[in-house]
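Listed here are the chains, written in short residue letters.
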Amino acid sequence: MSSRVQLKVVLLGEMDCGKTSLVTRYMSGTFSSKTQTTIGAAFCQRNIRIQQKNIKIGIWDTAGMEQFQSMCSQYYKGAQAAVICYDVTSLESFEKADFWIKEIIKMEPDCKVYVCGCKRDLTDSGSKKRAVDVHDASDRASEAGAKFIETSSKTGDNVDQLFLMITQDFAETAALAATALLPDEDETTQTIQLGADLLPKTSKCRC
Ligand SMILES: Nc1nc2c(ncn2[C@@H]2O[C@H](COP(=O)(O)OP(=O)(O)O)[C@@H](O)[C@H]2O)c(=O)[nH]1
Ligand SMILES: [Mg+2]
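Computed from a predicted model, the values in this text were never measured in an experiment. (Residues numbered from 1 in each chain as written. Chains lettered and ligands numbered in written order. Predicted model: local features only at pLDDT ≥ 70, side-chain atom pairs only at ≥ 80, totals over all residues.)

Novice: How do you make sense of the overall build of the protein when you look at a structure like this?
Specialist: Each helix and strand in the protein was counted, giving seven helices and six strands. For the protein, the sequential pattern of α-helices and β-strands runs β-α-β-β-α-β-α-β-α-α-β-α-α. Across the 207 residues of the protein, 40% fall into the buried class. Excluding contacts between residues fewer than 6 apart, the proportion of contacts in the protein whose partners are at least 24 apart in sequence is 77%. (Helix = DSSP H or I, 4+ residues; strand = E, 2+ residues; numbered from the N terminus. Buried ≥ 20, exposed ≤ 12 C-beta atoms within 10 Å, placed from the backbone. Contact = placed C-beta atoms within 7 Å.)

Novice: So what exactly am I meant to see when it comes to the site of ligand 1 here?
Specialist: Looking at ligand 1, there are 17 residues lining it, with G18, K19, T20, S21 and T35 nearest. Residue assignment for the shell around ligand 1 shows that the elements contributing at least two residues are α1 (19–28) and α4 (120–124). Here the element with the most residues in the shell around ligand 1 is α1; it accounts for three residues. (Near = placed C-beta within 6 Å.)

Novice: Even after reading the chapter, I still don't get the pairing of strand β4 (residues 81–87), so can you show me in this structure?
Specialist: Consecutive side chains along a regular strand alternate between the two faces of the sheet. Taken across its seven residues, β4 has seven buried, putting it largely inside the fold. Sheet topology places strand β1 (residues 7–13) next to β4; five bridges connect them, and they run parallel. Counted as the bridge partner of V10 is A82 from β4. When β4 meets strand β5 (residues 112–118), the two strands line up parallel, connected through seven bridges. Note on β5: the bridge partner recorded for D87 is C118. Running through helix α3 (residues 91–107), the crossover from β4 to the neighbouring parallel element β5 is right-handed. (Pairing = 2+ DSSP bridges. Right-handed = clockwise from strand over helix to strand, strands pointing away.)

Novice: Which parts of the structure should I look at to understand the sheet that holds strand β3 (residues 53–61)?
Specialist: Each strand in a sheet pairs with another by means of backbone hydrogen bonds, the pair being arranged parallel or else antiparallel. Spatial strand order, β2-β3-β1-β4-β5-β6: six strands in an open sheet with mixed pairing. The open sheet has two free edges, formed respectively by β2 (42–50) and β6 (147–150), since each of these has just one partner strand. The mean angle between the axes of side-by-side strands here comes to 25°, regardless of whether they run parallel or antiparallel. (Axes fitted to C-alpha atoms, helices over the stretch in contact; angles between N-to-C directions.)

Novice: Got a minute to help me understand the environment of I59 in this structure?
Specialist: Within the secondary structure, I59 is located in strand β3. Residue classification places I59 among the buried residues on the basis of 24 C-beta atoms within 10 Å. Between the C-alpha atom of I59 and that of V9, which follows or precedes it by 50 residues, the distance is 4.8 Å. Excluding its chain neighbours within four sequence positions, the residues that come into contact with I59 are V9, L11, V23 and C44.

Novice: What am I meant to see in the nonpolar core here?
Specialist: Considering soluble globular proteins, one finds that nonpolar side chains tend to be buried as a cluster. Of all hydrophobic cores here, the largest spans 47 residues; its most connected members are A82, I84, C85 and Y114. With six residues, the top contributor of residues to this core is β4. Not counting residues within four places of it along the chain, the set of residues in contact with Y114 comprises A81, A82, V83, I84, A146, K147, I149, L162 and I166. (Core = buried A, V, L, I, M, F, W, Y, C linked by C-beta atoms within 7 Å.)

Novice: Honestly, the pairing of β3 in this entry has me stumped. Any pointers?
Specialist: Pairing of β1 with β3 involves four bridges; the strand directions are parallel. Pairing of L7 across the sheet is with I57, part of β3. Sheet topology note: the β2/β3 ladder contains nine bridges and is antiparallel. If you follow R49 over to β3, its bridge partner there is N54. In sequence, β2 turns back onto β3 through a hairpin of two residues, with Q51 there showing a positive phi of about 50°.

Take it as geometry only, folks, not as evidence of what the structure does.
Here is the structure:
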């Protein structure tokens, strides 16, 4: 079987809004209240069977670079889907979402955008006050041509649904038909680990 990733998904959003927890919940079905920031960017992949097609999805997680609002171009390169995350209890994180939407569209104009309100369990349980109205967020996403969902990585609520939506949208595009026809040796997108050496020169990152 080819090791080529067919669907590249990038996660973007303010630090601490829940990106790493989202990908961890999706990949391993677990949640931890203590997540770790690693160096550069993390990558993981998973095979999904959908509409009688096998799709290899690769997910890139920012892992600390987002705090400088300056991701390296390799991170965005070839992304077919971007999940723009914010924390439903943080208005600031929601306001940052606009910046990330503009960034991804600038870097990858054909990338499909999904706006994801994370940590919904906090407001569902009443343990924290909601800062971003669900209808406002949904409207803002539509205005930007993006799809919208709210998730909880703690309970797992809507996490599979988010990635299913992304994979389904991808499976319906002509892009899949084109990539599926590529021979196995044409493996242009590999499992990579972006390191500090690939960070932009302007970054103040100390890693
Ligand atoms: N209650 C709750 N906490 C979450 C959720 N997602 C993330 N967190 C917590 O928020 C903090 C930051 O999460 P993290 O995934 O590292 O954010 P990142 O910096 O965007 O990758 C951690 O303490 C997580 O445990 C969620 O869905 N529910
Ligand atoms: Mg993280």
